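# Report on the structure
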Amino acid sequence: MDAFFAAIEILDKPSLKGKPVIVGGLSGRGVVSTTNYEARRFGVFSAMPMFKAKEKCPQGIFLPVKMARYKGVSKKIMDILKDFTPLVEQVSIDEAYLDITGIEVLLGSPEEIARHIKARIGKETGLTCSIGIAPIKFLAKVASDMHKPDGLTIISTTEVDTFLSKLPIDKIPGVGKRTVKGLRHYGIETVGDLKRFSKEQLLKEFGNFGLRLYEIAKGEDKSPVVPCREVKSISSEQTLQSDTGDIKILRKLITIHADNVASRLRKEGLKGRTITLKIKFDDFSEMSKSCAIAHSTDNTKFISDSAKALLLNNPLKRKARLIGVAVSSLKEFEKDSQMALFGNGSDSKRERKVDKAVDEIRERFGGKMISRGNE
Amino acid sequence: MEIKINRETLLKGISRVQGILEKRSHMPILSTVLLTTKDDELEISATDLEIGFQNSYPAEIIKPGSITISGKKLLDITRETDSEKIYISEKDNNWTYISDHNAHYNLSCLPVDEFPVLTEPEGTIMIEIDSKIITEMINKTIYSITMEEAGFKLSGVFMEKIKKNEEDFLRMVATDGHRLSMVDKKTPDIQKIEIKDGVMISKKGMIELNKLALEDGPPLQIGLKQNNLVVKKGKALIVIRLLDTKFPDYKNVLPKEKEDKESIITINRRHLLDAMRRMMIIRTDQYQGVKMNIEVNYLEMVSVNPDLGNVEEKIEIKYEGQPIEMGFNPKYFIDALQPMDSDVIYLNIKDQTSPCLITGEQDDGFLGLIMPIRI
């Protein structure tokens, strides 16, 4: 989608049209989530600290993130996509891969399908999107970014080689600053440059990712479009208003984030066995401590207590600027679950009842109606 | 200090303490042993601050004194030599000289006064207790201990004294929250020692106690004083610091005296144990359960793992109650059945949400409880 959050804000308030709109965290330390193209002209980009955005674009319209609203629109769009093919892999709130192999017979050429999709999204949501079509998954993503907004870019099978040879390496998904540095060290600037290296050389220098680079250079990308991605972990975190070393405050935040994580686990019907506490310090160094538990859980109190125990066992040497809780080693809740002998175990009946009641209250009256108190 | 000691004797003494030494401690002194001359003997001490161990071995004392030395290195030196005697001598500035006539070691050691000796609290009342009974009690309970970091603190065996029909018993209980194992043994002398509401002894402590009980020699003595469990056997002394944790209110989950004769399953222990082992073969973390269909006079077990396949087995039992279908983790059965002595055991199952009670005729004072898995 093009400038997704900003576009929705403009949709909701048409008077904003043509003005630079910046959506993001508005507190002193917030960052920009999305900007529309007008704001980008001022040099405001996503992930930029909000105060900087305000410096660059003082006349901008600054709006807070209304995630629930965006999610609603996102769902509508994903449903439209699923009308075309069931092979829809949603990768973020406003991005998805579609495997349209074989549906040309029914719906016309890839270009026609793309125009169709754009038209329906436009009609039903009032938003524009950019589509990339390519024989390889990652190239489709690259193509979609090429002519934004409202773009449609096609890389045909015969063009792949020429296209790849000129493609800068930082356009490859998964290639971040560090890999770019590593690649530049060998004089590799484009995917074409990669071809000079053997499979073994790339494997040796970049490990398994080197293998992927090798395949990409050859124009081979076997990664399929996966309709529902397996959720590997569920996490909740926040950057603090101001750095703190106050254990009381941190414990309070752990309660909130553990609750977020647990209620999402319950909503998704998942349980996890690994509980992680993540803290980023005022010098931007990071600490991540995990513990494994005997049996999978989705219980708020248990997750919160475990994360607090991790905090207790790992005294902080600096002030924290970000804190978060994650649960991983997830498995779908099956009937096949071990029952507990005592009431105060991870599967405690009483705690399960509390969670259930809280979930029901939130379902009916909204998420903020009830939350855990702190001791 | 200057001594000569028999290789075999030193090897026995130094091997014995390896389990106590800390391998990756932040305190290097905890990886050392303290060697002290006592009349015509050499006393070897080791501690990890939770457990202290001391024992004396005959040696030729040339000059009394004491040294510390890495327990692992002394073991290696003793193991690698082919001479019968080893000569150890203290040099200036914490250097130690060791010679076996072939090699001459000069080792830099830590000062003796840094070694934290866990001494026996004064005035501990000791009672004699049958080594075999202690070993039996430990073997039949220790497997239920959980070493999981989170959750409640169940990393030890709970020990208390109880009265049954005016007689004094020593009781050991362990649980991980999903199963429980308990042994009561008549111990008339137990009333002499003060246990109050029971004590928790760490798994490592129990392992050391068991090792000592299994060694040949004079009778085993135990006592409790100032948060320590004191164990003696001849010249060997172990001081185990009690765990400062609360054991759950296990008495609530113990079955009530009255038993419904009809619902008792009589079964050959060996048969059930072997069958459970076979059920384990296709088990993974994801699919832990075995389904047990209990019918009149036979038990059918089914274990299904969608990734692999399934395994089924039928064994003969004596049962006259209503057919019942239950799920269990086979590992819990294997752990419980393995250390039992009876040929014929009894399972008592009330319903699908209550624990299965395991007892055996020749397992006097033992009971095991296993919570089912929801199927």
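Notes on the structure follow.

Scoring rules and cut-offs
Residues numbered from 1 in each chain as written. Chains lettered and ligands numbered in written order. Predicted model: local features only at pLDDT ≥ 70, side-chain atom pairs only at ≥ 80, totals over all residues. Heavy atoms only, no water. Helix = DSSP H or I, 4+ residues; strand = E, 2+ residues; numbered from the N terminus. Buried < 20%, exposed > 50% of the residue type's maximum accessible area, 1.4 Å probe, protein only. Contact = heavy atoms within 4.5 Å. Areas by Shrake-Rupley, 256 points an atom, 1.4 Å probe, with all protein chains shown as cover. Axes fitted to C-alpha atoms, helices over the stretch in contact; angles between N-to-C directions. Parallel < 35°, antiparallel > 145°, perpendicular 65-115°, else oblique. Left-handed = near helix turned anticlockwise from the far one by under 90°. Nonpolar A, V, L, I, M, F, W, Y, C, P; charged D, E, K, R; others polar. Phe/Tyr/Trp six-rings, centres within 6.5 Å; stacked < 30°, edge-to-face > 60°. Lys NZ or Arg CZ within 6 Å of the ring centre and 35° of its normal. Pairing = 2+ DSSP bridges. Salt bridge = Lys/Arg side-chain N within 4 Å of Asp/Glu carboxyl O. Polar contact = N/O pair within 3.5 Å; in protein donor to acceptor, adjacent residues only side chain to side chain. Core = buried A, V, L, I, M, F, W, Y, C linked by side-chain atoms within 4.5 Å. Patch = residues over 30% accessible without salt bridge, like charges linked within 9 Å, V, L, I, M, F, W, Y side chains within 5 Å. Expected span 1.5 Å × (residues − 1). Arc of directions from axis to C-beta.

## Details of the overall build of chain A
Along its length, chain A carries 15 helices and eleven strands. The buried share among the 375 residues of chain A stands at 43%. At a minimum sequence separation of 6, the contacts of chain A that also span at least 24 residues come to 60%. Of the roughly 20500 Å² of accessible surface on chain A, a fraction of 54% belongs to carbon and sulfur atoms.

## Looking at the packing of helix 13 (residues 247-268) of chain A against helix 14 (residues 300-313) of chain A
Residue and element names in this part refer to chain A. Put simply, helix 13 and helix 14 touch, their axes get as near as 8 Å, and they point 140° apart. One element, helix 13, and the other, helix 14, form an angle in the oblique class. In the crossing of helix 13 with helix 14, the sense of the turn from one axis to the other is right-handed. On helix 14, the residues that touch Ile247, Leu250, Arg251, Ile254, Thr255, Ala258, Asp259, Ala262, Leu265 and Arg266 of helix 13 are Thr300, Ile303, Ser304, Ala307, Lys308 and Leu311. Taken together, the residues that form the contact of helix 13 with helix 14 break down as nine nonpolar, three polar and four charged.

## Structural notes on the packing of aromatic side chains
Here a ring pair, both rings aromatic, is described through the centre-centre distance and the interplanar angle of the planes. A complete count under the given rule lists eight aromatic pairs over all chains for this structure. Note on phenylalanine 5 of chain A and tyrosine 70 of chain A: the rings are 4.2 Å apart at their centroids and 15° apart in plane angle, and the pair reads as stacked. One end of the pair, phenylalanine 5 of chain A, is in helix 1 (residues 4-12); the other, tyrosine 70 of chain A, is in helix 4 (residues 67-84), with 65 residues separating them in the sequence. Like phenylalanine 5 of chain A, the residue tyrosine 70 of chain A is buried in the burial classification. Aromatic ring contacts, followed pair by pair, group Phe4, Phe5 and Tyr70 of chain A into a single cluster. Lying across the ring of phenylalanine 169 of chain B, lysine 164 of chain B places its NZ or CZ 4.8 Å from the centre.

## Some thoughts on unusual backbone geometry
All names here are of chain A. Of note, the amide linkage connecting lysine 148 to proline 149 takes the cis form, showing an omega dihedral of -5°. Within the chain, alanine 47 stands out as a residue other than glycine whose phi angle is a positive 75°. Summarising the element assignment, alanine 47 is placed in the loop between helix 2 (37-40) and helix 3 (50-56). Taking the relative accessible area as the measure of exposure, alanine 47 reaches 58% and is therefore exposed. Within the chain, phenylalanine 284 stands out as a residue other than glycine whose phi angle is a positive 70°. Taking the relative accessible area as the measure of exposure, phenylalanine 284 reaches 57% and is therefore exposed.

## A closer look at helix 1 (residues 7-16) of chain B
Burial within helix 1 of chain B is extensive, with seven of its ten residues counted as buried. Of all the residues in helix 1 of chain B, the buried ones are Arg7, Thr9, Leu10, Leu11, Gly13, Ile14 and Arg16 of chain B.

## So, the sheet that holds strand 16 (residues 228-233) of chain B
Residues and elements named next belong to chain B. With respect to topology, eight strands assemble into an open sheet ordered 6-2-3-4-17-16-15-10, the strand pairing being antiparallel. For this open sheet the edge positions go to strand 6 (66-70) and strand 10 (127-129), each flanked by a neighbour on one side alone. This sheet shows a mean twist of 20° between the axes of neighbouring strands, independent of strand direction. Sheet analysis places strand 16 next to strand 17 (residues 236-241), joined by six bridges and oriented antiparallel. The residue bridging valine 230 from the neighbouring strand is valine 239, located in strand 17. Along the sheet, helix 2 (residues 71-80) makes contact with strand 2 (32-38) and strand 6, crossing strand 6 at roughly 85°.

## Notes on the pattern of salt bridges
Residues and elements named next belong to chain B. Under the definition given, this model contains 50 salt bridges over all chains. Arginine 7 serves as the salt-bridge partner of glutamate 8, at 2.9 Å between the closest nitrogen and oxygen. Ionic pairing is found between arginine 171 and aspartate 184, a salt bridge with its closest N-O pair at 2.7 Å. Note that arginine 171 is positioned in strand 12 (residues 167-175) and aspartate 184 in strand 13 (residues 179-186), a separation of 13 residues in sequence. In this structure, arginine 171 and aspartate 184 share a single accessibility class: buried.

## Some words on the side chain of arginine 179 of chain B
Residues and elements named next belong to chain B. Inspection of the secondary structure assignment puts arginine 179 in strand 13. Among the polar contacts listed, one links the side chain of arginine 179 to the side chain of aspartate 176, at a separation of 3.0 Å. Within the structure, arginine 179 has its side chain in polar contact with the side chain of aspartate 335 (distance 2.8 Å).

## Brief notes about the nonpolar core
A general trend in soluble globular proteins is that nonpolar side chains are found buried together. In this structure, Val33, Leu35, Leu272, Met301, Phe333 and Ile358 of chain B are the most contacted members of the largest nonpolar core, which totals 92 residues. Once residues within four sequence positions are removed from consideration, leucine 35 of chain B is found in contact with Met1, Leu42, Glu43, Ile44, Gly65, Ser66, Ile67, Ile69, Leu74 and Ile88 of chain B. Membership of the second largest hydrophobic core comes to 30 residues, among which are Ala3, Phe4, Phe5 and Ile121 of chain A.

## Considering the sheet that holds strand 18 (residues 264-268) of chain B
Note: strands within a sheet are paired through backbone hydrogen bonds, in either parallel or antiparallel orientation. Residues and elements named next belong to chain B. The strand order across the open sheet built from eight strands is 14-11-12-13-25-24-23-18, with neighbouring strands paired in antiparallel fashion. Looking along the sheet, the strands with just one partner apiece sit at the ends: strand 14 (199-202) and strand 18. When strand polarity is set aside, the average angle formed by the axes of neighbouring strands in this sheet is 25°. When strand 11 (residues 156-164) meets strand 12, the two strands line up antiparallel, connected through seven bridges. Following the sheet pairing, methionine 159 is matched in strand 12 by methionine 172. Each of strand 18 and strand 23 (344-349) touches helix 5 (residues 269-280); the most contacted strand, strand 18, lies at about 85° to it. Together, strand 13, strand 23, strand 24 (356-360) and strand 25 (366-370) form the strand contacts of helix 6 (residues 330-337), whose direction differs from that of strand 24 by roughly 20°.

## Description of a nonpolar patch on the surface
All names here are of chain A. A surface patch of nonpolar side chains, about 350 Å² in accessible area, is lined by Val105, Leu106 and Leu107. The topology assignment puts leucine 107 in helix 5 (residues 104-107). Note on leucine 107: relative accessible area 36%, which makes it partly exposed.

## Topic: helix 4 of chain A
All names here are of chain A. The terminal C-alpha atoms of helix 4 lie 26 Å apart, and with 18 residues this matches the ideal 26 Å at 1.5 Å per residue to within 8%. For helix 4, the full list of buried residues reads Tyr70, Val73, Ser74, Ile77, Met78, Ile80, Leu81 and Phe84. Angular distribution of buried residues about the axis of helix 4 spans 155°; they occupy a single face of the element. The exposed residues of helix 4 that point more than 90 degrees off its buried face are Ala68, Lys71, Lys75 and Asp83. Looking at the buried residues of helix 4, the elements they touch are helix 1, strand 1 (21-24), strand 4 (88-92), strand 5 (95-98), helix 5 and helix 6 (110-125).

## A few points about the pairing of strand 8 (residues 95-99) of chain B
Residue and element names in this part refer to chain B. For strand 8, the buried fraction is high: four of the five residues fall into the buried class. Two strands pair when backbone bridges link them, and strand 7 (residues 85-90) and strand 8 are joined in this way by four bridges, in the antiparallel orientation. Within strand 8, the residue paired with isoleucine 88 across the bridge is isoleucine 98. A loop of four residues connects strand 7 with strand 8, the two strands running antiparallel in sequence, and asparagine 93 in this loop sits at a positive phi of about 55°. When strand 8 meets strand 9 (residues 104-108), the two strands line up antiparallel, connected through five bridges. From the neighbouring strand, serine 99 faces strand 9, where its bridge partner is histidine 104. Hairpin connection between strand 8 and strand 9: a loop of four residues separates the two successive antiparallel strands, and histidine 101 in this loop has a positive phi of roughly 80°.

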